[in-house]
Amino acid sequence: MIPRKLEPVLMGAVLSALMSWVVSGVATWKAAGHAPDFVALWMSSWFTAWLIAFPVVLVAAPLSRRLVQWVLKPE
């Protein structure tokens, strides 16, 4: 099992992988249409996007949490 202290990194990896997979699929479909090599184009685009998205999520998640807490009404 993975230690609990790595939860933020694992969450960032999973979230960035899923989101970049979906977004790169939509962008690839829009750019290439139903090309015969669509899946290969998509996976290439996805991997590049994920390499960027993963570190961005690791930095952006804590900042986003702070921003959300700042704009919420106190209980």
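None of these values were measured; they are calculated from a predicted model.

Peer 1: Would you mind going over the overall build of the protein with me for this structure?
Peer 2: When helices and strands are counted, the protein shows two helices and zero strands. Rg of the C-alpha trace for the protein: 16 Å, well past the compact-globule value of 11 Å for 75 residues, more than 25% over. Taken over the C-alpha atoms alone, the protein extends approximately 55 × 35 × 15 Å along its principal axes. Within the protein, the proportion of its 75 residues that are buried is 16%. Accessible area for the protein stands at about 6300 Å²; split by element, carbon and sulfur atoms hold 75% of it.

Cut-offs and rules
The residue count restarts for each chain, going from 1 along the sequence in the order it is written. Local features are withheld for residues below a pLDDT of 70 in this predicted model, meaning they are given only at 70 or higher, and side-chain atom pairs are given and counted only at 80 or more; totals for whole chains, interfaces and linings count all residues. The basis for every side-chain value is the complete set of non-hydrogen atoms in the structure, without hydrogens or water. Helical segments are the DSSP runs of H or I of at least four residues, strand segments are the runs of E of at least two, and each set is numbered from the N terminus. This radius of gyration counts C-alpha atoms alone. The globule rule is 2.2 Å times how many residues there are, raised to the power 0.38. Under the scheme applied here, a residue whose accessible area is under 20% of the maximum for its type counts as buried, over 50% as exposed, and between as partly exposed, the area being computed with a 1.4 Å probe on protein chains only. Accessibility throughout is a Shrake-Rupley quantity obtained with a 1.4 Å probe, and a residue counts as covered only by protein chains that appear here.

It is worth stressing that arrangement in space is one thing and function is another; only the former is reported here.
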